[in-house]
2 protein chains.
Amino acid sequence: MEGIQVREAILLSETIFDKMVTSLSGLPGIGRKSATRIAFHLLRMDPNAFQLFIGNIKDTKENLKFCKLCAGITEHDICDICSSPKRDSNILCVVEQPEDIFFIEKTNVFSGKYHVLNGAISPLDGIGPEELRIAELEARIENQRVEEILLATNPTLEGDATASYISSVLQKFNVRITRIAHGLTVGGTIEYSDQYTLSKAIQSRLPFR
Amino acid sequence: MEGIQVREAILLSETIFDKMVTSLSGLPGIGRKSATRIAFHLLRMDPNAFQLFIGNIKDTKENLKFCKLCAGITEHDICDICSSPKRDSNILCVVEQPEDIFFIEKTNVFSGKYHVLNGAISPLDGIGPEELRIAELEARIENQRVEEILLATNPTLEGDATASYISSVLQKFNVRITRIAHGLTVGGTIEYSDQYTLSKAIQSRLPFR
């Protein structure tokens, strides 16, 4: 009986600890083992550092929202790219996730605006076209002059299917539809390129300048 | 000039976002890429779920502390294991981290008490014996009757070195010093066991019962 009490006492601390582990293991890419490691790290953290850690996360969460037009992240209702008169409104780059905007912006080669779908068509995950921001894309094409839609969904089964679907839906509009190129990695070798990328690279060949 | 303004505006949102990413990438096992994925997950989280997430982490952090005796996690000053008269005070199991106590408790085969070192000797990481709770271990042996010290540091270079060091330091006391056994994984095969484990398993062989 008393032995049982001891085990229950230990389990109680484990339950409080478990609250943290369970919360952390809900994050993408974090399993229970990593969550346990992170939880112990947080427990060991000096209280000021912990406050700063939680404060930084809450600050960002409270100050950033999703742009009402493109669904990219922003501090305002409409993001800086959508509201900028310097960006070309005639070309919309369609991406799966808001984070994709960051990566494309870093290349410095795109001066148009963006449209985030918030995912890709994936029947296995129960994501159909209605779950994506495709109606919003059509509305934007109807309400402003758009000349080109650059489909920059990922070169995956889901991303390719989404690009095909959107392309068919947009046939009714007078817009040029383009797809981001697939090909060899710059600095990579043919030897280490996979066969799918290599065949895409050959099919998408361009005149040599 | 105006083009520069646009880029600065974008960088501003990136800076606020960066606060979250930088905080997250300070967690063990989380690189910048995983931190970015987690940050976008948190931004997408519904505000109530986010509050719950932060609340659970803060709750655990505020309610759990480290036991003043063994340094395991607890809700009180002295943990339930250290304060339990049902646990055998004559045997102390020495572990590297508080989390190791959880794993050993789950086996249900150890009824003694624990002592957490908070690490292992690792000259490359600048961790010497002074950084570990070895003086506290000696004090416990001096202040209470201890018959056996079970060294359950990890079977790594650092864990083995720490076990050897502690064993030599404790020679002055009249205690039996034991080491957790190394050997084949239960359910594993000789074929897939590494040569170091296999040689330890042979050297540590026991009479067949």
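Residues numbered from 1 in each chain as written. Chains lettered and ligands numbered in written order. Predicted model: local features only at pLDDT ≥ 70, side-chain atom pairs only at ≥ 80, totals over all residues. Heavy atoms only, no water.

K.L.:
Now, about the packing of aromatic side chains: what can you tell me, with residues and values included?
P.N.:
Overall, the coordinates contain eight aromatic pairs over all chains when judged by the stated rule. Ring centres of Phe40 of chain A and Phe102 of chain B lie 6.0 Å apart, and the angle between their planes is 65 degrees; this geometry places the pair in the edge-to-face category. You can see Phe40 of chain A sitting in helix H2 (residues 32-44) and its partner Phe102 of chain B sitting in helix H5 (residues 98-107), one on each of two chains. Of the two residues examined, Phe40 of chain A and Phe102 of chain B, each falls in the buried class. Between the aromatic rings of Phe102 of chain A and Phe17 of chain B, the centroid separation amounts to 5.1 Å while the plane-to-plane angle is 75 degrees, which identifies the pairing as edge-to-face. Of this pair, Phe102 of chain A sits in helix H5 (residues 98-107) while Phe17 of chain B sits in helix H1 (residues 2-24), each in a different chain. Chaining the aromatic ring pairs together yields one cluster made of Phe17 and Phe40 of chain A together with Phe102 of chain B. The ring of Phe103 of chain B is capped by Lys33 of chain A, whose NZ or CZ atom sits 5.5 Å from the centre of that ring. (Phe/Tyr/Trp six-rings, centres within 6.5 Å; stacked < 30°, edge-to-face > 60°. Helix = DSSP H or I, 4+ residues; strand = E, 2+ residues; numbered from the N terminus. Buried < 20%, exposed > 50% of the residue type's maximum accessible area, 1.4 Å probe, protein only. Lys NZ or Arg CZ within 6 Å of the ring centre and 35° of its normal.)

K.L.:
Can you explain the pattern of salt bridges? Please cite residues and give values.
P.N.:
According to the stated counting rule, one finds 20 salt bridges over all chains in the structure shown. Asp59 of chain B is the salt-bridge partner of Lys19 of chain A, the closest N and O atoms lying 2.7 Å from each other. On the criterion of chain membership, the pair formed by Lys19 of chain A in helix H1 (residues 2-24) and Asp59 of chain B in helix H3 (residues 47-63) is interchain, its members lying in two chains. For Lys19 of chain A, a relative accessible area of 33% puts it in the partly exposed group. (Salt bridge = Lys/Arg side-chain N within 4 Å of Asp/Glu carboxyl O.)

K.L.:
Now, about the interface of chain A and chain B: what can you tell me, with residues and values included?
P.N.:
Taken together, the contact between chain A and chain B spans 53 residues of the former and 53 residues of the latter. Carbon and sulfur atoms make up 69% of the surface buried where chain A meets chain B, a total of about 5800 Å² over both sides. Our count for the chain A to chain B interface comes out at four salt bridges. Breaking the side of chain A that touches chain B down by element, the ones donating at least two residues are H1, H2, helix H3 (47-63), strand S2 (73-74), helix H4 (80-83) and H5 of chain A. Of all the elements, H1 of chain A adds the most residues to the side of chain A that touches chain B, at 14 residues. Grouping the constituent residues of the side of chain A that touches chain B by class yields 26 nonpolar, 12 polar and 15 charged. (Contact = heavy atoms within 4.5 Å. Buried area = accessible area lost by both parts, 1.4 Å probe. Nonpolar A, V, L, I, M, F, W, Y, C, P; charged D, E, K, R; others polar.)

K.L.:
Mind laying out the relation of the copies chain A and chain B, listing which residues take part and the relevant values?
P.N.:
For these two chains of identical sequence, chain A goes onto chain B by a turn of 180 degrees and a shift of 0.0 Å along the axis, with RMSD 0.0 Å. Here the two chains are linked by the operation of a two-fold rotation axis. It is Ile54 of chain A whose C-alpha, among those of chain A, lies nearest the rotation axis, at 3.7 Å. Most of the interface of chain A is mirrored in chain B: 100% of its interface residues are interface residues there too. (Least-squares fit on C-alpha atoms with pLDDT ≥ 70 in both.)

K.L.:
With reference to specific residues and values, describe helix H2 (residues 32-44) of chain B.
P.N.:
Counted at 1.5 Å a residue, the expected span for H2 of chain B with its 13 residues is 18 Å, and the 18 Å between its end C-alpha atoms agrees. Every buried residue of H2 of chain B is listed here: Ala35, Thr36, Ile38, Ala39, Phe40, Leu42 and Leu43 of chain B. (Expected span 1.5 Å × (residues − 1).)

K.L.:
So what's going on with the environment of Val21 of chain B? Which residues, and what values?
P.N.:
All names here are of chain B. Within the secondary structure, Val21 is located in helix H1. Measuring from C-alpha to C-alpha, the distance between Val21 and Ser204 comes to 48 Å, with 183 residues separating the pair along the chain. Setting aside residues up to four positions removed in sequence, Val21 forms contacts with Arg32, Ala35, Thr36 and Ala39.

The analysis is restricted to geometry; functional conclusions fall outside its scope.
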